[in-house]
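# Architecture and fold: a report
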Amino acid sequence: MIHYTSNRWCVSVYHLSLTFHLQALRGAAAISLGAAMTALCLSICDDFVELNLVGNVFMISTTVYTTLSSFVGILVVFRTSHAYARFWDGSTLLHQMSGDWFDAASTVLSFCKYSSQDPDKIERFQQLFVRLMSLLNAMILAELEGHNVGDDLRNEDLKDSVLGAKAMTFELLHPDAIDAQYLERIKKAKHKAELVFQWIQNLIIENIVS
């Protein structure tokens, strides 16, 4: 995945090595460069060798040129509008996901209102639950970025980590309160978001039974 930088006026200029990882771009670049070199050679031959290739051999009709230009223009507009629509679809789904997490967390916490358990136990459950929800949101955002989330889950260390996703630098709800062995397990897990989600489900079921 290509990681774009918002403060650059042209990403392709500063990240050529990443940009050319796209297979479609490599194919289009090869075709366009080949056509450009062919046109350059024909122009040089026509000017200096005086073969008059453009006038005698490559008789290009204005109708064909106009049709081709119109087709390319329509294609560019279509692809741009499609990319714009996909961007807003992704942005909408991302905000919808955040809203769903908030609804789920508030619903679970509201169920604790009429619990007959000890108030201290209820508070411990609520505190751990909201911290795991905050951690889950960060794990999902980091996975959507496509980054390697790094070797540590502490925000201070991840801010200085080149491999850390930007989502891992977001403020969490006191992650130090989570048991260290759980953080160590997340660090070694391949599917971090799924693991945290399973912990949340286990936490809810265990407290329902108890």
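Residues numbered from 1 in each chain as written. Predicted model: local features only at pLDDT ≥ 70, side-chain atom pairs only at ≥ 80, totals over all residues. Heavy atoms only, no water.

Let us look at empty space enclosed by the protein. The tally for this structure, following the rule as stated, stands at one cavity of 30 Å³ or more. Empty space within the largest cavity amounts to approximately 30 Å³. As for the largest cavity, its lining consists of Arg 131, Ser 134, Leu 135, Leu 172, Leu 173, Pro 175 and Ile 178. Taken together, the residues of the lining of the largest cavity sort by class into five nonpolar, one polar and one charged. (1 Å grid on protein atoms, 1.4 Å probe; cavity = no way out; pocket = protein on both sides within 12 Å on 5 of 7 lines; lining within 4 Å. Points joined across faces, edges and corners; volume = space filled by probe spheres on them. Nonpolar A, V, L, I, M, F, W, Y, C, P; charged D, E, K, R; others polar.)

Right, let's get into the layout of surface pockets. If you add up the space inside the second largest pocket, you get close to 290 Å³. Those elements that provide at least two residues to the lining of the second largest pocket are helix H5 (62–111), helix H6 (119–145) and helix H9 (192–209). Considering only residue class, the lining of the second largest pocket consists of seven nonpolar, four polar and one charged. (Helix = DSSP H or I, 4+ residues; strand = E, 2+ residues; numbered from the N terminus.)

On the secondary structure map, Leu 195 appears in helix H9. Residues Leu 195 and Met 139 lie 56 residues apart in sequence; the distance between their C-alpha atoms is 9.7 Å. If sequence neighbours within four positions are ignored, Leu 195 has contacts with Arg 185, Ile 186 and Ala 189. (Contact = heavy atoms within 4.5 Å.)

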